[in-house]
Amino acid sequence: MDQPGILLSIRNLTVPLPSGGDRPYAVQDISFDIHAGEILCIVGESGSGKSMSANAIMGLLPDYLKPTNGQILFRDTDLLQQPESVLQKIRGKDISMIFQEPLSALNPLMTVGKQVSEVMQVHNEYPGEQRRRRVIDLFNFVGLPDPESLYDVHPFRLSGGQRQRVMIAIALALEPALLIADEPTTALDVTTQAQILALIARIQKEKGMGVMFVTHDFGVVAEIAHRVAVMEKGILVEQGTVDQVLNFPSHPYTKRLIAAVPRRRFDESAQASTAPPVLEIRDLKKTYMLSGGWLGKKRAIKAVDGVSFSVRSGETLGIVGESGSGKSTIGKCLLKLINIDGGQMLFKGKDIAPLTENEFRPMRNNLQMIFQDPFASLNPRHTIGKSISDGPVAGGKTRAAANIRTRELLELVGLDASSFDRYPNQFSGGQRQRVGIARALAMEPQILVADESVSALDVSVQAQVLELLQSLQEKLQIALIFITHDLRVAAQICNKVIVMHKGRIVEYGSPSQIFDAPQTPYTQSLVAAVPGKQWIPPGSGQQVSMPS
Amino acid sequence: MQGLLKRYMRNYGAVFGLIIIIVVSIMALAAPLLYENSPWMMVAAPLIPPFTEVAYPFGTDMLGRDITAGLVWGARVSLMIGLVSTIIALIFGIIVGAAAGFYGGSIDDALMRFTEFFQTIPQLALAVVIVAVLGPSIYSIMGAIMAVSWPPAARLVRSEFMTLKQREFVQAAIVIGQKPARIVWSQILPNAMSPIIVSASFMVATAILTESALSFLGLGDRNMMSWGFMIGASRTMIRQAWWMSVWPGVAILLTVLAINLIGEGLNDALNPQLRKRGE
């Protein structure tokens, strides 16, 4: 066991869950090694125990979770046997960690420079003047602009990517031997993610650290990992080199996950629909005014700035962009959830923009929306049946007729008819999103707006929901406007793609145009930032069926 | 519902509070059966100390009135005023808060300035003025308590509505074409209910205290025996007959404590995830 190079070795670690959970163990009998100078990616879907194993190493498990079995050997000392005082000396110095949310991981009331120097203060390193010097060196090293003046800046002044760089600087301050990164790029935009991934890879190479990188994204794995461990429901099902696991997966679960990774479809439906556009947007404008108080100047943010496009029945239009690009604002404008400041929205030739809420309400059934968060988009106090049938009832149908239709729809979206009387908390995220789709379809819409509708779902569930959306659309010939930040998802289901940047359309075209020959520099950088783009998942192109 | 009861029963303090309130309520309801005569009637020798005569376990006051009878009848006044004024204040607060939170904009501004007008006046001072102007009666007391206790309720409901309005299921209800009244009634209000219920229980406790304070100041209803009045009437006798003020004081203490315990228990039971975070 004691070959040189092994930094951390987890042996048969088992952490039981309190009774009453959906499974007896958070992690069960997992073993893996991290060598010095390698990046080990732990991949799994939500609830697979991947973060739990990272927290167990740092001794960050909540009180009700106690490892009952196994060892965590760091340089041949079992961390599970050490008292808190010993762990405190190791944390931050020998092992450090980066978290998912750079927003909440930094103290908002302390300057970022202080937060970095705090680590050194705690471990009594770099005394006196050296400390400030070291912080500035670190800021330089992680690629933060203007390190000298950044020292005295509070976190709220920094962007998400910059905050994550500060977190990395804190983690690196004492040159740890092992860096644990728990989904460090999940909350970031794709171009920022690419930068942070490159930074972590560079640091790892220069410092020769071992990195344990927890993620759910196979693209990220392909981008950064040397070795991969796949976890499912607390069990480590497969581990091996990145080539082995990604290209020749042996465990059925890994195969299933990799098959579900969104990818370009090859049968690009070139049959351009010739039907007249069902919705035409002309020069849409939306400006948010931020009042500056009595003394400050008012600030106007152009969320949507002169956007025009059209969709036809049976067509899927993707709207792709990073956060702040205005893509979600467009979705809200289309459904008149917010007022617009200019432009026309022609539904079958009739401008719906100037209509008041009362005038528009009878037409609402034509335009429906599938929301982002499957947990927030259903009223927790209404049964599934009521949530779906409320719409038709508001449209004038009798409750009985609406109920019959609801049961049909539940079947259509692949849910059991018995779901009718159950409450949302009895369903998983994917099932809830199916309910959301059924609710939209109950109105018999002609246009369906899906705002980041699969972003909150695990990759295998995401694939199922995408498949469902696609088959429904083919069956019902609805115009689908699919808003997403994920280029890979857009590539999978859209006929046409709009790329948004700062409220404007920067590029419009078919997926192959956008991805193979992007014209504008912004689209080029966006496409280049997609993680793992060189990796072509095995089995591409073939239809993969999955049990729901 | 069962889960709710189970979670509530896990909190011993809350169960204790519930038991006290049940006992006080039974006392209040059974007052005419226990003591047929008015508590104002002189029934025995004055100033009998407590625990000396079986018929008058808590003693008598300077006019020979039975303190036990006063306590039992006083429970009626306290609980009734607490409940009725809270319910009215809550209804008014919910209407104001819901309108402000749901519509926002200038309606919100107008309603909130109106609410602040009430909040800037010290509560007890406002209550005293209202009762003094209208003349002390059970209705003016309830009106005064209602007038001082609705603004916090309105503010709470407003903030709940403002957050819930942004939730996706409410947006979904707009998208499927539900009318605003229906959205407020079936989508938002049920989800805002748990904090409202919790704060309502604390409002009852405050109402009982306010009523006692008014009665203590001599602004109670002349026809109704109340705990506050008993304390107020006995303040000149405090050196000769401590029991005259102590027993009604204990009654107020226990009742208000019990209601607060219930409120806390409800809070834990209705928001189980909050409780876990604190542990």
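Residues numbered from 1 in each chain as written. Chains lettered and ligands numbered in written order. Predicted model: local features only at pLDDT ≥ 70, side-chain atom pairs only at ≥ 80, totals over all residues.

1. With respect to the overall build of chain B
A count of helices and strands for chain B gives twelve helices and zero strands. Dimensions of chain B, computed from C-alpha atoms along their principal axes, come out at roughly 75 × 45 × 30 Å. Counting contacts in chain B only where the partners sit at least 6 residues apart, residues at least 24 apart contribute 68% of the total. (Helix = DSSP H or I, 4+ residues; strand = E, 2+ residues; numbered from the N terminus. Contact = placed C-beta atoms within 7 Å.)

2. Considering the overall build of chain A
Of the regular secondary structure elements, chain A holds 20 helices and 20 strands. Here chain A has a C-alpha radius of gyration of 25 Å; the compact-globule value for 548 residues is 24 Å, and the two agree. Looking at chain A as a whole, 44% of its 548 residues qualify as buried. Sequence separation of 24 or more characterises 71% of the internal contacts of chain A that already satisfy a separation of 6 or more. (Rg over C-alpha atoms; globule rule 2.2 N^0.38 Å. Buried ≥ 20, exposed ≤ 12 C-beta atoms within 10 Å, placed from the backbone.)

3. What about the interface of chain A and chain B?
Of the residues lining the interface, 22 residues belong to chain A; the matching set on chain B comes to 13 residues. At the level of elements, strand 16 (367–370) and helix 14 (384–394) of chain A are the ones that each hand at least two residues to the side of chain A that touches chain B. Of all the elements, helix 14 of chain A adds the most residues to the side of chain A that touches chain B, at three residues. Here the residues of the side of chain A that touches chain B are counted per class, giving nine nonpolar, seven polar and six charged. (Nonpolar A, V, L, I, M, F, W, Y, C, P; charged D, E, K, R; others polar.)

4. Notes on the packing of helix 2 (residues 12–29) of chain B against helix 11 (residues 242–270) of chain B
Residues and elements named next belong to chain B. Orientation of helix 2 relative to helix 11, taken along the N-to-C sense of each, is 135 degrees, at an axis distance of 7 Å. It follows that helix 2 is oblique to helix 11 by the angle criterion. Note that helix 2 runs across helix 11; the crossing there is left-handed. Taking contact as the criterion, the partners of Gly 13, Ala 14, Phe 16, Gly 17, Leu 18, Ile 20, Ile 21 and Val 24 in helix 2 are, on helix 11, Leu 254, Thr 255, Ala 258, Ile 259, Leu 261, Ile 262, Glu 264 and Gly 265. For the contact of helix 2 with helix 11, the class distribution of residues is eleven nonpolar, four polar and one charged. (Axes fitted to C-alpha atoms, helices over the stretch in contact; angles between N-to-C directions. Parallel < 35°, antiparallel > 145°, perpendicular 65-115°, else oblique. Left-handed = near helix turned anticlockwise from the far one by under 90°.)

5. Brief notes about the nonpolar core
One finds Cys 41, Ala 169, Met 212, Phe 213, Val 221 and Ile 447 of chain A to be the most contacted residues of the largest nonpolar core, which totals 227 residues. A total of 16 residues in this core trace back to one element, the largest contributor, which is helix 4 (residues 67–103) of chain B. Other than its neighbours up to four places away in sequence, Phe 213 of chain A contacts Ile 39, Leu 40, Cys 41, Ala 181, Ile 224 and Ala 225 of chain A. (Core = buried A, V, L, I, M, F, W, Y, C linked by C-beta atoms within 7 Å.)

6. So, unusual backbone geometry
Working note: non-glycine residues mostly have negative phi, and peptide bonds are mostly trans. All names here are of chain A. A positive phi angle, near 55 degrees, is found at Asp 283, a position not held by glycine. Mapped onto the secondary structure, Asp 283 falls in strand 11 (residues 279–290). Positive phi outside glycine occurs at Lys 336, with the angle close to 55 degrees. Mapped onto the fold, Lys 336 is located in the loop between helix 12 (327–334) and strand 14 (342–347).

7. So, helix 7 (residues 138–166) of chain B
For helix 7 of chain B, with 29 residues, the first-to-last C-alpha span of 42 Å sits near the 42 Å given by 1.5 Å per residue. Approximately 35 degrees is the largest bend angle found in helix 7 of chain B, and it occurs at Ser 149 of chain B, with the proline Pro 151 of chain B only one to four residues beyond. (Expected span 1.5 Å × (residues − 1). Bend = angle between axes of the 7 residues up to and from the residue.)

8. Digging into the packing of helix 6 (residues 123–134) of chain B against helix 7 of chain B
Residues and elements named next belong to chain B. Contact geometry for helix 6 and helix 7: axes closest at 9 Å, N-to-C directions at 150 degrees. When the axes of helix 6 and helix 7 are compared, the pair comes out roughly antiparallel. In this structure, the crossing between helix 6 and helix 7 has a hand that is right-handed. For the pair helix 6 and helix 7, contact is made by Gln 123, Leu 126, Ala 127, Ile 130, Val 131 and Leu 134 and by Ser 140, Ile 141, Gly 143, Ala 144, Ile 145, Ala 147 and Val 148, respectively. Class assignment of the residues belonging to the contact of helix 6 with helix 7 gives a composition of ten nonpolar, three polar and no charged.

9. Quick look at the confidence of the model for chain B
All names here are of chain B. A residue-level look at chain B finds 97% of positions with pLDDT of 70 or above and a mean pLDDT of 90. Below pLDDT 50 for its whole length, residues 275–279 participates in one contact with residues either more than four positions away or in separate chains. The ipTM assigned to the predicted complex is 0.80, against a pTM of 0.82. (pLDDT = per-residue confidence, 0-100.)

10. So, the sheet that holds strand 18 (residues 479–484) of chain A
All names here are of chain A. Across the sheet, six strands lie side by side as 16-17-18-13-19-20; this open sheet has mixed pairing. The open sheet has two edge strands, strand 16 and strand 20 (504–509), and neither has a second partner. Averaged over all pairs of adjacent strands, the angle between strand axes in this sheet comes to 20 degrees, irrespective of strand direction. Of the strands in this sheet, strand 13 (316–320), strand 16, strand 17 (447–451), strand 18 and strand 19 (496–501) are in contact with helix 12, which crosses strand 17 at around 145 degrees. (Pairing = 2+ DSSP bridges.)

11. A look at the confidence of the model for chain A
Residues with a pLDDT of 70 or more make up 94% of chain A, whose mean pLDDT is 87. A low-confidence stretch, residues 541–548 of chain A stays under pLDDT 50, and its non-local contacts, those more than four residues away or across chains, total ten contacts.

12. Let's talk about the sheet that holds strand 11 of chain A
Residues and elements named next belong to chain A. Pairing is antiparallel in the open sheet, where four strands are placed in the order 12-11-14-15. Only two strands of the sheet have a single partner each, and these edge strands are strand 12 (299–311) and strand 15 (350–351). As defined by bridge partners, strand 11 adjoins strand 14 across five bridges and the pair is classed as antiparallel. In the sheet register, Ile 281 faces strand 14, and the bridge partner there is Met 345. Against the sheet, helix 12 engages strand 11, strand 12 and strand 14, with an angle of about 70 degrees to strand 12.

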